[in-house]
Amino acid sequence: MVSPPARYLVFFQYFGTKYSGVMETLNDQSMVGVQNYLEKAAQNLKPIVPIKFYISSRTDTGVHALCNSAHLDIQRAPGKPAFNEKQLIYSLNYHLRPEPIRILNAYRVASSFHARFSALSRTYVYRLLMGCTHHSEIPVFERDLCWAPVGGYLNVPAMQDAAQFLLGTHDFSTFRSLNSETPFRSPIRTILQVDIRPSSGFLSHHYEHRGLEFWELKFRSRSFLYRQVRRMVGALVAVGQGKLAPHHIKELLEIKDSRAFPPNAMAPPSGLFLKSVEY
């Protein structure tokens, strides 16, 4: 008699630079998704039905995750007990070894649980490096892990004032990029938290004399639109550079048109991290 599949919630992290994003892609592409590697590793568990990861939060090419999540069902051969959480973590990580992808935790969950739809909120952080007058001044250990906007320092108090306009429930049409899902997704989102705070760089205490400053922008919401965080960051940086005034963020929201977003202002993917998914 075949026992029903066991459902697990797994939390995982990845260094996103070499991937086309988290979602599965065709294997013949030059860059493939993190999901491809997760599912390839999972097939080594010898399930009787191929294992599919249902990812909670999409991330783009070059975007990192300190902690993303997914659920998966594992159906083992008759007589084989369900994996316990530690076995699952160790087995998947063993087969993920060559990749900068790691399973952090695993939990057995009810068959009705869904990693995407059961999530209460998602938190992203964006890392900025200030004080660089040229991209060659970015520490080699921070490559692909932050954005150093041209021109050195930013007016952080102005950025913090501007960020307050993003809080709450708004039509974020101006702050989303268009994709195939745009016609089917409401542009209404509720931003629960926006913070701009000093941060630390990797080994930065060893080069304090260089005057480099790391800052983190944190955003929390139930869900985000396509590239919404990168566009919000880009607009706030434009405020910090004096290209926009804080009240322009309010005006961009009121326009409700993605074409009104300032050209070339979207932040690059390298500084963006999915920090956590909350249940």
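Here is what the cut-offs are and how they apply
Residues numbered from 1 in each chain as written. Predicted model: local features only at pLDDT ≥ 70, side-chain atom pairs only at ≥ 80, totals over all residues. Heavy atoms only, no water. UniProt positions renumbered as here; feature names shortened; annotations may be inferred. Helix = DSSP H or I, 4+ residues; strand = E, 2+ residues; numbered from the N terminus. Buried < 20%, exposed > 50% of the residue type's maximum accessible area, 1.4 Å probe, protein only. Lys, Arg positive; Asp, Glu negative; His and termini not counted. Salt bridge = Lys/Arg side-chain N within 4 Å of Asp/Glu carboxyl O. Polar contact = N/O pair within 3.5 Å; in protein donor to acceptor, adjacent residues only side chain to side chain. Contact = heavy atoms within 4.5 Å. Domains from an automatic or database assignment. Buried area = accessible area lost by both parts, 1.4 Å probe. Nonpolar A, V, L, I, M, F, W, Y, C, P; charged D, E, K, R; others polar.

The protein appears in an unreviewed UniProt entry as tRNA pseudouridine synthase from Alca torda. According to the UniProt record, the Sequence similarities (unreviewed entry) comment for the protein reads "Belongs to the tRNA pseudouridine synthase TruA family."

Q: Would you take a moment to explain the side chain of Glu-39 for this structure?
A: By the element assignment, Glu-39 lies in helix 1 (residues 34-42). Lys-52 provides the closest opposite charge to the buried, salt-bridge-free Glu-39, at an N-O distance of 4.4 Å. A distance of 2.8 Å separates polar atoms of two side chains, one belonging to Glu-39 and the other to Gln-35. Not counting the four nearest positions on each side in its chain, Glu-39 is found in contact with Glu-24, Ile-51, Lys-52 and Phe-53.

Q: Got a minute to help me understand the domain arrangement of the protein in this structure?
A: Interface extent is often summarised as the accessible area lost during association of the parts. Under the domain assignment used here, the protein contains domain 1 (6-108) and domain 2 (121-278). Of note, the centres of domain 1 and domain 2, computed from C-alpha atoms alone, are 28 Å apart. Counting residues at the interface gives 17 residues for domain 1, matched by 17 residues for domain 2. Its largest share of buried area at the contact with domain 2, domain 1 owes to Asp-60, His-64 and Leu-66, together 37% of the area lost on that side. Joining domain 1 to domain 2, the criterion identifies 2 salt bridges. Connecting domain 1 to domain 2 are 10 residue pairs in polar contact (both at pLDDT 80 or more). Broken down by element, the side of domain 1 that touches domain 2 gets its largest block of residues, 6 residues, from strand 3 (residues 64-74). A class-by-class count of the residues in the side of domain 1 that touches domain 2 yields 6 nonpolar, 9 polar and 2 charged.

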